[in-house]
Amino acid sequence: MSAASCLLTEDQFLCSICLDVFTDPVTTPCGHNFCKTCITKHWDTNVPFECPNCKKVFYSRPELQVNTFISGMAAQFKQSAQQKASSSSSETQAAKPGEVPCDVCTGTKLKALKSCLVCLVSYCETHLELHLTTPGLKRHQLIDPVENLEGRMCMKHDKLLELFCKNDQMCVCMLCTVLDHKAHDVIPLKEGYEEKKAELGKTEAEIQQMIQKRRLKIEETKHSVELSKEDADREIADGVQVFTALKESVERGQAELIDTIKEKQKKAEKQAEGFIEELEQEISVLKKRSAEVEQLSRSQDHLHLLQSFTSLNAAPPTKDSVSVRPPSYEGTVVRAVNQLEETLSKQMKKLFEVELKRVQQSAVDVTLDPDTAQSWLFLSADGKQVNCGDEEKNLPDNPERFDCPCVLAKQSFSSGRCYYEVQVEEKTEWDLGVARESINRKGQITSTPQNGYWTICLRNENKYKACTDPLICLSLKSQPEKVGVFVDYEEGLVSFYDVDAAALIYSFTGCCFTEKLLPFCVPGPNYGGKNSAPLIISPVNHTK
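Residues numbered from 1 in each chain as written. Predicted model: local features only at pLDDT ≥ 70, side-chain atom pairs only at ≥ 80, totals over all residues. Heavy atoms only, no water.

Student: Explanation requested: the state of the cysteines in the structure shown.
Tutor: Two cysteines, two sulfur atoms, one covalent bond between them: this is a disulfide. The full count for this structure, using the stated rule, is zero disulfides. Free of any disulfide, cysteine 105 has its nearest neighbouring cysteine sulfur in cysteine 102, separated by 3.6 Å. With relative accessibility at 7%, the residue cysteine 105 sits in the buried group. Residue cysteine 418 stays outside any disulfide, its sulfur separated by 11 Å from that of cysteine 521, the closest cysteine. A relative accessible area of 4% means that cysteine 418 is categorised as buried. (Disulfide = S-S within 2.5 Å. Buried < 20%, exposed > 50% of the residue type's maximum accessible area, 1.4 Å probe, protein only.)

Structure below.
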């Protein structure tokens, strides 16, 4: 029997229903063999009773008995196959986690090489051989191994999903096209696959483009961070230098103050020591005289007392009229602090000069917009000057135009930094700053940050104010002739500078900008010519 079994092939011992080696094989009246369980289940669901191989119909259910001969041959073949699989285990590996296992293997599940879309079973190299050699199975569609083959079956009709409905964007079976998807645009899976693959290619290209944009943005951000770090390092270095100088000035002033006070105290102590020494000498003389007086007073000799008394009348010179007054320290500390304040002012001026030089790097060209100017305002042809006239012009009342004597610039910005300068010389009243694009331009205006304005103003020739609620009075050492306006949009900062004095006038900090900002000017009423001088947008001359 061993020699005969070597001549038998594997397909002679495979059940055509389960495609595995026979288990309890039975023979039908037509001579075909099946597993007893497989043919029983087949006939339980199919009437009339038909042979799965030759399609012969039996009008009564045949009585089937296990074919002991074939059963023994199948057992021997199964053992031989297991030994063969065992001997080649070094070449065939068991399925690892994440790999698709063979659905036919018993015991150790080997790695599947292919999955059959007809049988809905995955096969290892050994169990795949039948699909590669049997003519009827060669027509089955094999794909790379996949899990969940049941998911490729229509849940409703238990048929293979082999079509794609473009209307509902879903995979369907043949029955679906007749019933649920009638008159829909249905195409074969392969055609749908090609279309979707083309879309995926386009999507992939778009994704790669988006990735590239983001990579560029990352590089820009990194470069921005590097520039920010350079700025931060420079600021730290400048700050350390300034504070070191201030610290040295404070320590030097403190040392000089202490030395001055100690010198005064030392001088007073030396003077007091001299005075005390003289007084002690006088005490010594007076003690001697006191002894002489006491001795003479005890004398019983009348003549001797009278003769000696005359010499005692001359008292020794004393320092009773001399006194030591403590030194005066009034004004010593004040003078030292005043000197320190002068040093601090010089350092502050240097700082503001550096700061002004930096903000001037953000200078932009500003031109006033005649469409926003109130009808009493007169703009120069180049849009760089504005003043309030004596007569009202006949202008269209467009939505952008102000009812009060205000004007906006043409330029707007919603990111980054912006700086411009305005000449205010010979003006007795003005307002300067920036405003939101959506501000109300009709009726009375209250220019506060709450209403979308970040401005400062001059009133009554020398009263400078920050336009907040309430107003903040500003104390300036000198009247600015040219005002610089600086905005850092992301930082939420609006600062005003006296350009000629290189001094900070005022800063709005912690602002939250959410829309476009525009430069804003108010030249103030004419006042019969007293305030007729124009506000002039000046070119920025970078400070040295």
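Student: Can you walk me through the nonpolar core in this structure?
Tutor: Across soluble globular proteins, nonpolar side chains show a tendency to be buried alongside one another. In this structure, Trp430 and Val483 are the most contacted members of the largest nonpolar core, which totals 37 residues. Ignoring sequence-local partners within four residues, the contact set of valine 483 consists of Tyr420, Glu421, Val422, Val424, Trp430, Leu432, Ile456, Phe496, Tyr497, Val499 and Ile505. Judged by nonpolar contacts, the second largest core, of 31 residues, contains Val21, Phe58, Cys105 and Cys124. (Core = buried A, V, L, I, M, F, W, Y, C linked by side-chain atoms within 4.5 Å. Contact = heavy atoms within 4.5 Å.)

Student: Would you take a moment to explain the pairing of strand 23 (residues 535-538) for this structure?
Tutor: Along any regular strand the residues' side chains alternate between the sheet's two faces. Side-chain alternation along strand 23 places Leu535 and Ile537 on one buried face and Ile536 and Ser538 on a second face that is also buried. The pairing of strand 12 (residues 385-388) with strand 23 spans two bridges and is classified as antiparallel. Residue pairing across strands places valine 386 opposite leucine 535, the latter belonging to strand 23. Note that strand 14 (residues 417-423) and strand 23 share three bridges and pair antiparallel. Its bridge partner lying in strand 23, glutamine 423 is registered against isoleucine 536. (Helix = DSSP H or I, 4+ residues; strand = E, 2+ residues; numbered from the N terminus. Pairing = 2+ DSSP bridges.)

Student: Honestly, the confidence of the model for the chain in this entry has me stumped. Any pointers?
Tutor: When pLDDT is low, close inspection of the predicted coordinates is not appropriate. Per-residue pLDDT for the chain averages 86, and the proportion of residues at 70 or more is 92%. Confidence drops under pLDDT 50 across residues 1-7; counting only partners more than four residues distant or on other chains, this segment forms four contacts. (pLDDT = per-residue confidence, 0-100.)

Student: What's the story with the side chain of histidine 131 in this structure? I'm lost.
Tutor: Following the sequence through the fold, histidine 131 ends up in helix 4 (residues 125-133). A polar contact is formed between the side chain of histidine 131 and the side chain of histidine 140, at a distance of 3.3 Å. Look past the residues within four positions of histidine 131 in its chain and what remains in contact with it is Leu19, Cys116, Cys119, Tyr123, Leu137, Lys138, His140 and Leu142. (Polar contact = N/O pair within 3.5 Å; in protein donor to acceptor, adjacent residues only side chain to side chain.)

Student: I tried to follow a negative patch on the surface on my own but got confused; where do I start?
Tutor: Residues Glu425, Glu426, Glu481 and Asp500 make up a contiguous surface patch of negative charge. Positionally, glutamate 481 belongs in the loop between strand 18 (472-474) and strand 19 (482-488). (Patch = residues over 30% accessible without salt bridge, like charges linked within 9 Å, V, L, I, M, F, W, Y side chains within 5 Å. Areas by Shrake-Rupley, 256 points an atom, 1.4 Å probe, with all protein chains shown as cover. Salt bridge = Lys/Arg side-chain N within 4 Å of Asp/Glu carboxyl O. Lys, Arg positive; Asp, Glu negative; His and termini not counted. Charge placed at Lys NZ, Arg CZ, Asp CG, Glu CD.)

Student: So what exactly am I meant to see when it comes to the pattern of salt bridges here?
Tutor: Side chains carrying opposite charge are able to pair once their charged atoms draw close together. If you walk through the whole model with that rule in mind, you get 19 salt bridges. Between lysine 442 and aspartate 397 there is a salt bridge, with the nearest N and O atoms lying 2.8 Å from each other. With lysine 442 in the loop between strand 15 (430-436) and strand 16 (453-459) and aspartate 397 in the loop between strand 12 and strand 13 (407-408), this residue pair connects regions lying 45 residues apart in the sequence. When its relative accessible area of 27% is taken as the criterion, lysine 442 is described as partly exposed.

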